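# An overview of the molecular structure
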Amino acid sequence: MAQCFLYVILSLVMTCNGAFAATDTFGPWGVDASAPQFKDLSTCLASPLTSGKTIVIGKPMAIGNMTVNGNRQLKFIQGGRIDVAAGKTVTFASDASLDAGIFQIFSGAGSVAGLKESRPEWFGAPYGSSNSAPDAGPAIRAAMAALSDGGTLYVSGKHVFQTADAVGGLSIPNGVNVVFVNRWVSGFYAGNHFPAKPLLYSIGESTKRFNITNPMLQNFGDAKYSPGTSRCTDAFYGENVASSTFKNFTALYFFNGTGLKLDAPTVVTAYYNLIENPSIVAKYGVNFTGTAAANQANANTILGGEIIGIASSGAVSGAVFNGGVGSNYIRGTDISGSFIGPAIVLDNSCNNTIDARMELSQKVGANIYFDEKNGSKDNRINVNLQRPIRSSYLAPGSSWPGLTDTVQNVVLTGSQAAYTVPQFQATTIVIEVRDLTEDLRITLPNARNMVQGQTIRVMRSGITDDSAYTVVIQPNPNTLIDDVSNTNLFAVSVAPRNSALFTVNTASATSAKYLLWKMPDALSATPTRGFYSRGQTVLNSAPHAAGVPGWSCVFSNSTEFSAGASAGSTMVSVGSTAGAAAGDTVAMFHGDGTPGYYSVVSVNSASSLTITPALTKDVARGFQNSMNTFFIYRFKPQPNLGL
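To start, this report covers the structure provided alongside it. (Residues numbered from 1 in each chain as written. Predicted model: local features only at pLDDT ≥ 70, side-chain atom pairs only at ≥ 80, totals over all residues. Heavy atoms only, no water.)

### Some words on the sheet that holds strand β5 (residues 66-68)
Strand order in the open sheet made by the three strands is β5-β8-β11, with parallel pairing throughout. On the outer flanks of this sheet lie β5 and β11 (111-113), each paired with one strand and no other. Sheet twist, expressed as the mean angle between neighbouring strand axes with direction ignored, is 15°. Examined bridge by bridge, strand β8 (residues 89-92) and β11 share three bridges and lie parallel to one another. Bridging from a neighbouring strand, Thr-91 pairs with Ala-113 of β11. (Pairing = 2+ DSSP bridges. Helix = DSSP H or I, 4+ residues; strand = E, 2+ residues; numbered from the N terminus. Axes fitted to C-alpha atoms, helices over the stretch in contact; angles between N-to-C directions.)

Below you can see the structure in the form of structure tokens.
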């Protein structure tokens, strides 16, 4: 009996030990990849016992070529990883998945493929935030290469690139997503050993589509705050990138290159890309480039954010559109910096829309540069200029009155038969015309859409002799209703080495320089300042029962000076005095382009007048070259209606 009892006890112990052993390797939590039932990890992944199961890896395990499929999930706990042999690949099929924390889970000289999600830490990428930090480049490149089409690379920390492949730091393949988990915290940095290449890039003949969210890209180089010694070129360089998004794109201190460059060097175009809320500090902020009319960078959009151009030498620009570029859009973006060159370049670029705020320092440069000889046209500009910059495109030795610190918005060169000035939100617009190869007609904006007090100066300069070609300025047809309508003023020619000045002032008649001067709605006395035409009426701003309702211009004549006169003179020679009488108002442009107002004392002859007071400044013969235009007009009060 005792022997039977002992046998039963031993049987129970053996059974329990077997049950406990099974629980150690199989259970609700999954299957232990190192269980004795499996010779190695490859055997575990191929076993029918693990199909549809979670396979837990808790220690380093070697493997060769292997495909993870059969609805298996690999789950890694701290310390567990797969060591892939050199020349071998572990591929995750579409029905397999992976579960791991933010620690290394892959090692070895082999590769991984087919992941839906990947992280730099999984491949051993070290953290770093200094220019001499350990190189994370190889691990991050391995993490990116492991993704399947449509996969996502998640970046949680800061990683420094000290090395690059043949093209740049990291290639962004077609169809992937790159998500930097925390903007300003998660980022890629170019260290002091990084070569003169882009940090991120995407190149190739075929069209690339991908999405990058919250990237923090920074160039440390050898001197974070010394542009002259930086090494890395572009933060991102892409060829034939289309329908991609760059959300909250941050690129700092790329002093030798571009924050974001989209190129179309082949028959494929770079189009429909969205750059949202960028923060860029670089030599060139954003650059859309094509090589010919058929290779265009089209319909790309920049929304909001800030672009700052800065470098120690050479050209610096905020946004560049050149070489067969069209229909790109900038809205609500602040463009600022120490520009040594144009803030915005439009070269062979058509139908682009720029609605931006510019805040520029006192550097030599232009706000917006149109290279018209390459066919730029129909670009729509609405720029709110916060601070002027110095004009730069004057030939050596030239001097323009009032251009010490002014705004140079547009440069027109080469061959362009007609150009219409767009609407600018700036107090001063300077249009430079130089090195013409054919006649040019410039149409000014609609005065009703211009900024109060806005001045437009058209000036001619250039290195080559373009005196054989004419520049004729005409107002917008929509400005004729309330503006001076004498047709002699509407074919103003600008000779080489000369300029013409126009001002709109909708609030005060005392400071306008007119051709586009807008008549005031009402005044408190008879108009004696401003340029008027017969038939125009000005209302009384303070009417009363015994007063007049307003004044009507009953006579006007415009002509030019037929001879020059010096300051202090009371006699002027003009083209015609027809209809003039003592007491009429005289409005003129002095030799320096400023307006002056006088009264007729007497009409001496068909070409001579005596005025009062004496001339305050010199005047010169003619009106086309220096805007020395002479106006005479007379107002009469309207009858009191006795109301």
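### A word on the sheet that holds strand β10 (residues 106-107)
Taken together, three strands build an open sheet; the order of strands is β4-β7-β10 and the sheet is parallel. Single-partner strands in this sheet number two, and they are β4 (60-63) and β10. Where strand β7 (residues 81-84) lies against β10, two bridges are found, and the strand directions are parallel. Bridged to Ile-82 within β10 is Phe-106.

### Side note on the packing of aromatic side chains
The tally for this structure, following the rule as stated, stands at 12 aromatic pairs. Here the aromatic cluster, defined as three or more aromatic residues joined through ring pairs, consists of Phe-76, Phe-92, Phe-106 and Phe-123. (Phe/Tyr/Trp six-rings, centres within 6.5 Å; stacked < 30°, edge-to-face > 60°.)

### Remarks on the nonpolar core
Counting 78 residues, the largest nonpolar core has Phe-92, Phe-106, Phe-188 and Phe-236 as its most contacted members. No other element matches the five residues that strand β23 (residues 250-264) contributes to this core. Membership of the second largest hydrophobic core comes to 16 residues, among which are Phe-555, Val-572, Val-574 and Ile-632. (Core = buried A, V, L, I, M, F, W, Y, C linked by side-chain atoms within 4.5 Å. Buried < 20%, exposed > 50% of the residue type's maximum accessible area, 1.4 Å probe, protein only.)

### So, helix α3 (residues 137-145)
Of the positions making up α3, those classed as buried are Gly-137, Ala-139, Ile-140, Arg-141, Ala-143 and Met-144. On the buried face of α3, the contacting elements are β12 (115-118), β13 (147-155), β14 (158-161), β15 (170-171), β16 (177-180) and β17 (187-190). (Contact = heavy atoms within 4.5 Å.)

### Description of the environment of Thr-333
If you trace the backbone, Thr-333 turns up in strand β31 (residues 329-337). Look at Thr-333 and you get buried, because its relative accessible area is 0%. The spatial distance from the C-alpha of Thr-333 to the C-alpha of Ser-279 is 9.7 Å, given a sequence separation of 54 residues.

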